[in-house]
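Geometric and topological summary
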Amino acid sequence: MQTIKRSWTINGTHYEVETAPLRRLLDVLREDLRLTGTKEGCGEGECGACTVMVDGEPVLACLLAAGQVPDGAQLTTVEGLEHTPGGRVLQEAYAELGAAQCGFCIPGMIVSSYALLQRGGTVDAAAIREAHAGNICRCTGYKKIVAAIELAAERWPTAGTGK
Amino acid sequence: MHTPQTLAEVAVYFPEELDEALAALADESRRGQLLAGGTDLMVQWEAGVRPLPAQVISIKHLSELCGIADKGAVLHIGAAVTHRQLRESGLVRQYLPSLAAAAATVGGYQIQAMGTIGGSLANASPAGDLAPSLLVAEARIVVANQQRERSIPATTFWQGYRTVDCAPDELIVRVECPKLKPGYVEGWRKLGPRKAQAISKVMGSFRGAYDGAVIREFHVAIGSVAPTCIRLTELESWLVGQPLTAATFQEAERRARDTVQPIDDVRSTAAYRRWVTGRMIRGFLETWPR
């Protein structure tokens, strides 16, 4: 069986990965690297629970072949956000406003939130809903999630300190 | 050849240049299923609705397939340009507004960041949201093999249900799309079960021009109502010379509804799709800026 080697930085830590090229990034993260914060919901690109960032762009780890993530890529999963000022702001805002119920969608949801707030620009309810259109939550009805992201936007660390 | 049972058993070739990919396609022993953003193929493979190939050629990273270039009257859009890049590109938003709007309704942010225009065209779904905009703009799809490039009108590229005019040794390199000319307008409308992460029940685009009191030119293409996205050419011919009046809107709606022959399937019914097609055409005409 063919394997490929990739050097990635995940949440600031260097990893050397060797895997079959078409294995899902999701399986490499969860099974090989034990980064189990990233969840598998539907496994077919509908729900967004497996959202991670590759070079700053939110993507679906269930549809991304590990071999297509280039050498030298910077990956961020929910585990990494905790160690960033912006990630902590989001974590506190989600908790304060009760934005998580069962919580299964939250690792993907919060990665999309982080990507949106890092991109900058206008962050109103419409922009929040658009940026999270690929993340499905079956508990909250989204209202508290949107409110939490609005709160996090108000508290967002000033330029250069969010990462 | 060995038939893989899991994704992990599939061999993948990562060419560094387009020429290497074309050389692999030219050689039957090295030929493989082309893979770009993976938003269709990975789902189909994982769900078992498409058999796993023995060999895959990954092309999304090829620089020759990236980028959007202004070539005067035409935009050249590389096959690996993502939906995200289409919706955010100033050139596409200004000169191909229907295509930018369509790209913004595909999936959600993540799917848009992964999926490519070339992949969408090759997947050839009758619900492929980018096709109507290319049909009304009379775009050309450029495919290449090791010897030469070949330019195909969008109107003949989709030959039937999930069938495209692209040989096993060819790959889509770019789309050449005529810009919207001054005096012309475009529109895009998609009807699905929800705003995002939804496959269309019916969607469509138009491009047209209005002259004095009457329609001078009108192109309209509708998806999810036939084995491929289609231009409604008889309706287009009838509309040329018609005034933008309530009587025209009503007659255009009736003609559109009677023209299309959609099917019942898991996403909608034939009767509803016919009705929506008529309303969509009426909406395009009624909201035409004038």
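Residues numbered from 1 in each chain as written. Chains lettered and ligands numbered in written order. Predicted model: local features only at pLDDT ≥ 70, side-chain atom pairs only at ≥ 80, totals over all residues.

**Points about the interface of chain A and chain B**
Residue-level contacts link 28 residues of chain A with 27 residues of chain B. Tallying contributions element by element places strand E4 (residues 57-60) of chain A first for the side of chain A that touches chain B, with 4 residues. Each residue belonging to the side of chain A that touches chain B can be placed in one class, and the counts come to 14 nonpolar, 9 polar and 5 charged. (Contact = placed C-beta atoms within 7 Å. Helix = DSSP H or I, 4+ residues; strand = E, 2+ residues; numbered from the N terminus. Nonpolar A, V, L, I, M, F, W, Y, C, P; charged D, E, K, R; others polar.)

**Details of the pairing of strand E6 (residues 140-144) of chain B**
Residue and element names in this part refer to chain B. Across 5 bridges, the pairing between E6 and strand E7 (residues 149-153) is antiparallel. Bridge assignment links Val142 to a residue of E7, and that residue is Ser151. What sits between the antiparallel neighbours E6 and E7 is a turn of 4 residues. In this structure, E6 lies alongside strand E10 (residues 171-178), joined through 5 bridges in antiparallel fashion. Looking at the pairing, Arg140 lines up with Glu176 of E10. (Pairing = 2+ DSSP bridges.)

**Quick word on the domain arrangement of chain A**
Residues and elements named next belong to chain A. One can read the domain layout of chain A as domain 1 (4-77) and domain 2 (81-155). Distance between the C-alpha centres of domain 1 and domain 2: 21 Å. Between domain 1 and domain 2, the contact holds 15 residues from the first and 12 residues from the second. When residues of the side of domain 1 that touches domain 2 are assigned to their parent elements, the largest contribution, 3 residues, is made by strand E3 (residues 51-54). Its residues placed into classes, the side of domain 1 that touches domain 2 shows 6 nonpolar, 7 polar and 2 charged. (Domains from an automatic or database assignment.)

**Quick look at the packing of helix H4 (residues 106-119) of chain A against helix H6 (residues 143-155) of chain A**
All names here are of chain A. Where H4 contacts H6, the two axes come as close as 11 Å, and the packing angle between them is 35°. Handedness of the H4/H6 crossing: right-handed. Residues Met109, Ser113 and Leu117 of H4 lie in contact with H6, whose contacting residues are Ile145, Ile149, Ala152 and Ala153. Residues that form the contact of H4 with H6 fall into these classes: 6 nonpolar, 1 polar and no charged. (Axes fitted to C-alpha atoms, helices over the stretch in contact; angles between N-to-C directions. Left-handed = near helix turned anticlockwise from the far one by under 90°.)

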